[in-house]
Amino acid sequence: MTKPHRSEYPEPIQLKKGDALVIGERYEGSEGWEDWFFCTTPGQAGGWVPKQVIEQSTESPRVSRRPIGLS
């Protein structure tokens, strides 16, 4: 580590396989976070979720596998 980092999201979204998601805006910035979306799930504050763990279904978007780095 070169310098301390304080997250802007001290209470990250916590997901498990099968959780329903509401997908919001796609991240657009210079940090190289291609295909990350701001998502919400009942009972939690929203958070950024990578596209590769989101599964679109006919019912609603769901977490398709356990996100790396997210509980």
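Rules used in this analysis
Residues numbered from 1 in each chain as written. Predicted model: local features only at pLDDT ≥ 70, side-chain atom pairs only at ≥ 80, totals over all residues. Heavy atoms only, no water. Helix = DSSP H or I, 4+ residues; strand = E, 2+ residues; numbered from the N terminus. Polar contact = N/O pair within 3.5 Å; in protein donor to acceptor, adjacent residues only side chain to side chain. Contact = heavy atoms within 4.5 Å. Salt bridge = Lys/Arg side-chain N within 4 Å of Asp/Glu carboxyl O. Buried < 20%, exposed > 50% of the residue type's maximum accessible area, 1.4 Å probe, protein only. Phe/Tyr/Trp six-rings, centres within 6.5 Å; stacked < 30°, edge-to-face > 60°. Pairing = 2+ DSSP bridges. Axes fitted to C-alpha atoms, helices over the stretch in contact; angles between N-to-C directions.

Q: Please give an account of the side chain of Thr41 that cites residues and values.
A: By the secondary structure assignment, Thr41 is in the loop between β2 (36-40) and β3 (47-50). Engagement of the side chain of Thr41 in a polar contact is seen with the backbone oxygen of Ala20, the distance being 2.8 Å. Sequence-distant contacts of Thr41, defined by excluding residues within four places in its chain, comprise Ile13, Leu15, Asp19, Ala20 and Leu21.

Q: Any details on the pattern of salt bridges? Residues and values, ideally.
A: Where charged atoms from two side chains of opposite charge approach closely, those side chains can pair. Taken as a whole and assessed by the stated rule, the structure comprises two salt bridges. For Lys16, the salt bridge goes to Asp19, with nearest N and O atoms at 3.4 Å. The exposed category is assigned to Lys16, whose relative accessible area is 55%. Given the relative accessible area of 16%, Asp19 is considered buried. Across the salt bridge formed by Asp35 and Arg26, the nearest N and O atoms sit 3.1 Å from each other. The exposure class assigned to Asp35 is partly exposed, which follows from its relative accessible area of 30%.

Q: Let's hear about the packing of aromatic side chains: which residues, and what values?
A: With the rule as written, the count across this model stands at four aromatic pairs. Look at Tyr27 and Trp33: their rings are 5.2 Å apart centre to centre, the planes differ by 40°, and that puts the pair in the tilted class. The exposure class assigned to Trp33 is partly exposed, which follows from its relative accessible area of 35%.

Q: Tell me about the sheet that holds β3, residues and numbers included.
A: Spatial strand order, β1-β2-β3: three strands in an open sheet with antiparallel pairing. Edge positions in the sheet fall to β1 (22-26) and β3, since each has one partner strand and no second. With strand direction ignored, the average angle separating the axes of adjacent strands in the sheet is 45°. Pairing of β1 with β2 involves three bridges; the strand directions are antiparallel. Within β2, the residue paired with Val22 across the bridge is Thr40.

Q: Give me the pairing of β3: which residues, what numbers.
A: Of the two faces of β3, the one lined by Gly47 and Val49 and the one lined by Trp48 and Pro50 are each fully buried. Relative to β3, β2 is paired through four bridges, and the arrangement is antiparallel. Each residue of the ladder has a partner; that of Trp36, found in β3, is Pro50. A loop of six residues connects β2 with β3, the two strands running antiparallel in sequence, and Gly43 in this loop sits at a positive phi of about 85°.

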